[in-house]
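Commentary on secondary and tertiary structure
For reference, the chains in residue letters:
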Amino acid sequence: DAVVASNDGTAGGVVAALKAHNMVGIPVSGQDGDKAALNRVALGEQTVSVWKDARELGKEAGQVAAELIAKKKPAKTVIFKDGSKHIPQKAILLAPVPITKHNLNMVVDAKWISKEELCSGVDAAKAPAACK
C-alpha cells in the first residue's frame, strides 16, 4: 500500500522496483532531501523526502564543538529520552521538514538544489508549482 524508506537512497531503489513492475503511484517516503529524491518528488515518483538541512546540522555541531572546547555547557541542549530504551541524553533537535510537491520551492529558495536540477525531466503539463 505504501513504502516508508529509512533514507532517500532506499526510496530510489523502491521507486525503480515499482516502475519495473508497473506499480507507479504507490506512496513512497524517504529522508535526507537528496537531489535525486527531490527530483523524484517533482516527477511525482516519490511522495515525500524528510529534509534536515545539513548546513544547519553542521552549524549546530560546530557551535557545540566550540562550546565544549571552551569548557562551556552547550547552550541549546534538551533532554531527549524518547528512544527505544528511553535513556535520557542531551541533544539538540532540529525540526525536520517534509518536502512534498506542494513545498518544493522551499529547497530551491534555500539554495539546496537548483530549479534546473529539481525539475529535470518533469513534464510541464504535470509540473508542481516549483517547476513552473
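Owing to the predicted nature of the structure, the values given are computational and were not obtained by experimental measurement.

Rules of the game
Residues numbered from 1 in each chain as written. Predicted model: local features only at pLDDT ≥ 70, side-chain atom pairs only at ≥ 80, totals over all residues. Heavy atoms only, no water. Helix = DSSP H or I, 4+ residues; strand = E, 2+ residues; numbered from the N terminus. Rg over C-alpha atoms; globule rule 2.2 N^0.38 Å. Buried < 20%, exposed > 50% of the residue type's maximum accessible area, 1.4 Å probe, protein only. Contact = heavy atoms within 4.5 Å. Areas by Shrake-Rupley, 256 points an atom, 1.4 Å probe, with all protein chains shown as cover. Lys, Arg positive; Asp, Glu negative; His and termini not counted. Charge placed at Lys NZ, Arg CZ, Asp CG, Glu CD. Disulfide = S-S within 2.5 Å. Phe/Tyr/Trp six-rings, centres within 6.5 Å; stacked < 30°, edge-to-face > 60°. Expected span 1.5 Å × (residues − 1). Arc of directions from axis to C-beta.

1. Remarks on the overall build of the chain
- Helix and strand counts for the chain stand at five helices and six strands.
- Relative to the globule expectation of 14 Å for 132 residues, the C-alpha radius of gyration of the chain, 18 Å, shows a markedly less compact shape.
- Expressed as a percentage of its 132 residues, the buried residues of the chain come to 30%.
- When contacts within the chain are restricted to residue pairs at least 6 apart in sequence, those whose partners lie at least 24 apart make up 51%.
- Carbon and sulfur atoms provide 58% of the accessible area of the chain, an area that totals close to 8,600 Å².
- The positive charge centre, built from 18 side chains, and the negative charge centre, built from 14, are 7 Å apart in the chain.

2. Structural notes on the state of the cysteines
- Inspection of the entire model under this criterion finds one disulfide.
- Residue pairing for Cys 119: its cysteine sulfur links by disulfide to Cys 131, the two sulfurs lying 2.1 Å apart. Linking Cys 119 and Cys 131, the disulfide has an S-S dihedral of approximately -90 degrees and is accordingly described as left-handed. Linking Cys 119 in the segment after α5 (115–118) with Cys 131 in the segment after α5, this pair joins segments that are twelve residues apart in sequence.
- Residue classification places Cys 119 among the buried residues on the basis of a relative accessible area of 15%.
- We classify Cys 131 as buried; its relative accessible area is 16%.

3. Topic: the packing of aromatic side chains
- Enumeration according to the criterion identifies one aromatic pair in this entry.
- A ring pair is formed by Trp 51 and Trp 112, whose centres lie 5.7 Å apart and whose planes are at 55 degrees; its orientation type is tilted. You can see Trp 51 sitting in strand β3 (residues 48–51) and its partner Trp 112 sitting in the loop between α4 (105–109) and α5, a full 61 residues away along the chain. Taken as a pair, Trp 51 and Trp 112 share a single burial class, namely buried.

4. Considerations on helix α3 (residues 54–69)
- The first and last C-alpha atoms of α3 sit 22 Å apart over 16 residues, in line with the 22 Å expected at 1.5 Å per residue.
- Buried within α3 are the following residues: Glu 60, Val 64 and Glu 67. One face of α3 carries all of its buried residues, which in axial projection span an arc of 60 degrees. The exposed set on the far side of α3, more than 90 degrees from its buried face, consists of Lys 59 and Ile 69.
- Backbone geometry just after α3 places Lys 71 at a positive phi near 60 degrees.

5. Some words on helix α2 (residues 35–43)
- When α2 is considered as a whole, its buried residues turn out to be Ala 37, Leu 38, Asn 39, Arg 40, Val 41 and Ala 42.
- Check the buried side of α2 and you find it contacts α1 (8–20), β3, β6 (97–99), α4 and α5.
- Gly 44 sits one or two positions beyond α2 and adopts a positive phi of about 85 degrees.

6. A short note on the environment of Ala 110
- With respect to the helices, strands and loops of the structure, Ala 110 is situated in the loop between α4 and α5.
- Linking Ala 110 and Val 4, residues 106 residues apart in sequence, is a C-alpha distance of 25 Å.

In short, shape yes, function no, at least from these values alone.
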